[in-house]
Amino acid sequence: MRVVVQNDKKGLKAGAAGLLAVAALMSGCAGPDTGSTARPPAGRQAPPRAAPAPDSHAALVAAARRWGLDAVPLRPPAPPQVKPRITARDGFEVDGQEEDDLPPVFTTIPTKRKVVFLTIDDGSNKDPRFLRMMNDLRIPYTAFLSNYLVKDDYGYFRTMQSEGHTLNNHTLTHPYLPGLSYEEQRDEICGMQTIMKKQFGKAPTVFRPPYGNYNGDTLRAAKSCGIKYAPIWDEEVFVDHWEYREWDRGLHPGDIVLTHFRGKDDWDGTMVDDMRRFLNKVTREGYAVARLEDYL
C-alpha cells in the first residue's frame, strides 16, 4: 500500500497529516514514493515470486513479447476424438490409388476447425534460437528430414523430438523421385526409414516427396517402406513473403503450410524471422497451429 500525503486545501493542520503518515508506517503498508511493498521482518527472507507455468497465458504473453510477435498465438483445440478420413486430393491421385491402397497425397486436412499445420523441410539450418522460440511459444510442427542435411547433427533433431515435435521422412538425398526407377526410389525412402529408426527410435509413417514431385512408383515404394500418408502443402512461407497454391491466395481450415530450415546463407533473415512472419499472419487471421499427426 502506498500512502501519499497531499497539501490540505480545506484547513486541516499539518499535524494531522503527520499522524496519518505515522499510522501508515506503523501498519506496515507504507513505503517510499516508488511503489515498493512492505519488507518482511528482520531475519526472514521474502519468498521468491513463482515463475508462471510454461503453458499459462502469462508465460505465453511474455514469450510473444520476447520474440517480437504482434499478438499471442492462439491455442489449438484438443485433438479430434474421431480422426478425419484422409484421401488423395482431387487431381493428385495416381493410377491404382484406391485399388492398391496407396498413401494419399493431400494439401489440406478435412476439418472445419480454424487450424493450420506447420511443416518444415530438409534440415539444412540448425538454429538453436528457433528451438527456444517454438518451445517458449508452445507451437507444434512437423519436420521432414533428408539425411544428407541432418547427419552432421542428429542431436539437434533429437532435442526437437524430445520437445514433442514429430520427425518424418524426406528421403536420403532429396532427389527428383520421378526421374528414378522404382528400386532407386525405394532405396531413398526405405533407406531413410532405417536411419530414422536408428537415430530417433522409430520409422515414421508419414513421408513427403522432395519438391512435392512423385509418381505411382513413388507411392508404391513408400507403401512398401511402411508409409501411410504423403502430405505436401497448400501454402509456403518464406522469411519475406508467402506463396499460395489456391487462386484465392488465402488460408483455409486444415491447410498444411510449408517452410524450410533456412538461415541467412539462403534468406535475408533467420528461422526466427520466418516464424515471426508465419505466426503473425495465422494469428491475425484467427487460426491456431495444430499438430498434424493428431489429425492422421
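Coordinates for the structure precede this section.
Residues numbered from 1 in each chain as written. Predicted model: local features only at pLDDT ≥ 70, side-chain atom pairs only at ≥ 80, totals over all residues. Heavy atoms only, no water.

**Some words on the overall build of the protein chain**
- Looking only at helices and strands, one finds eight helices and nine strands in the protein chain.
- Looking at the protein chain as a whole, 45% of its 296 residues qualify as buried.
- At a minimum sequence separation of 6, the contacts of the protein chain that also span at least 24 residues come to 71%.
- Here the protein chain displays about 16000 Å² of accessible surface, and carbon together with sulfur accounts for 51% of that area. (Helix = DSSP H or I, 4+ residues; strand = E, 2+ residues; numbered from the N terminus. Buried < 20%, exposed > 50% of the residue type's maximum accessible area, 1.4 Å probe, protein only. Contact = heavy atoms within 4.5 Å. Areas by Shrake-Rupley, 256 points an atom, 1.4 Å probe, with all protein chains shown as cover.)

**Quick notes on the packing of aromatic side chains**
- Applying the stated criterion across every chain, the model contains 10 aromatic pairs.
- Judged by centre distance (5.9 Å) and plane angle (90°), the rings of Phe157 and Phe261 are edge-to-face. Of the two residues, Phe157 is situated in helix H5 (residues 154–162) and Phe261 in the loop between strand S8 (256–260) and helix H8 (271–284); the sequence distance between them amounts to 104 residues. No difference in accessibility class separates Phe157 from Phe261, as the two residues are buried.
- Aromatic pair Trp242 and Phe278: ring centres 6.0 Å apart, planes at 20°, arrangement stacked. Of this pair, Trp242 sits in strand S7 (residues 242–244) while Phe278 sits in helix H8, and the two are 36 residues apart along the sequence. The pair Trp242 / Phe278 is uniform in exposure class, with both members buried.
- A network of ring pairs unites the aromatic residues Phe130, Tyr141, Tyr156, Phe157 and Phe261 as a single cluster.
- The aromatic ring of Tyr287 is capped on one face by Lys114, whose charged end is 4.5 Å from the ring centroid.
- Geometry around Trp242 places Lys281 over its ring, the cationic atom sitting 5.6 Å from the centre. (Phe/Tyr/Trp six-rings, centres within 6.5 Å; stacked < 30°, edge-to-face > 60°. Lys NZ or Arg CZ within 6 Å of the ring centre and 35° of its normal.)

**Remarks on the pairing of S8**
- Buried residues dominate S8, accounting for five of its five residues.
- The pairing of strand S2 (residues 115–122) with S8 spans five bridges and is classified as parallel. Across the sheet, the residue bridging to Asp121 is His260, located in S8.
- Pairing geometry for strand S6 (residues 235–237) and S8, over two bridges, is parallel. By the bridge assignment for S8, Glu236 is matched with Leu258. (Pairing = 2+ DSSP bridges.)

**Some thoughts on the state of the cysteines**
- If you walk through the whole model with that rule in mind, you get one disulfide.
- With its sulfur 1.8 Å from that of its partner, Cys190 forms a disulfide with Cys225. Here the S-S torsion is close to -95°, and the disulfide linking Cys190 with Cys225 is therefore left-handed. With Cys190 in helix H6 (residues 182–200) and Cys225 in the loop between helix H7 (216–224) and strand S5 (230–231), this residue pair connects regions lying 35 residues apart in the sequence.
- Taking relative accessible area as the criterion, Cys190 reaches 16% and is therefore assigned buried. (Disulfide = S-S within 2.5 Å.)

**Regarding the side chain of Thr283**
- The topology assignment puts Thr283 in helix H8.
- Overall, the relative accessible area of 13% leaves Thr283 in the buried class.
- Among all residues touching Thr283, those that are not within four sequence positions of it are Ala71, Val72, Pro73 and Leu74.

**Details of unusual backbone geometry**
- Unusually for a residue other than glycine, Asp101 sits at a positive phi of about 50°.
- With respect to the element layout, Asp101 can be found in the loop between helix H2 (57–66) and strand S1 (105–106).
- Asp101 sits in the exposed class, given a relative accessible area of 58%.
- The backbone of Tyr211 sits at a positive phi, close to 65°, despite the residue not being glycine.
- By secondary structure assignment, the location of Tyr211 is in the loop between H6 and H7.

**Remarks on the environment of Asp136**
- Take Asp136: it is sitting in helix H3 (residues 128–137).
- Linking Asp136 and Leu60, residues 76 residues apart in sequence, is a C-alpha distance of 7.3 Å.
- The residues contacting Asp136, other than those within four sequence positions of it, are Leu60, Ala63, Arg66 and Trp67.
- Within the local environment of Asp136, its side chain forms a polar contact with the side chain of Trp67, the two groups lying 3.1 Å apart. (Polar contact = N/O pair within 3.5 Å; in protein donor to acceptor, adjacent residues only side chain to side chain.)

**Quick word on the pattern of salt bridges**
- Counting across every chain of the model gives 10 salt bridges.
- A salt bridge links Asp136 to Arg66, with the nearest nitrogen and oxygen atoms 3.3 Å apart. With Asp136 in helix H3 and Arg66 in helix H2, the pair connects residues that are 70 residues apart, well separated along the chain.
- We note a salt bridge from Asp294 to Arg291, for which the minimum N-O separation is 2.7 Å. (Salt bridge = Lys/Arg side-chain N within 4 Å of Asp/Glu carboxyl O.)

**Quick word on the nonpolar core**
- Core analysis: the biggest nonpolar cluster contains 38 residues, and Phe130, Leu137, Leu145, Phe157, Met160, Phe261 and Phe278 have the highest contact counts within it.
- Of all the secondary structure elements, the ones that give two or more residues to this core are H2, S2, H3, strand S3 (142–145), H5, H6 and H8.
- Excluding residues within four positions of it along the chain, Phe157 makes contact with Gly123, Lys126, Leu145, Val150, Leu167, Phe200 and Phe261.
- If you look at the next biggest cluster of nonpolar residues, it comprises 31 residues, including Ile86, Phe144, Leu177 and Ala230. (Core = buried A, V, L, I, M, F, W, Y, C linked by side-chain atoms within 4.5 Å.)

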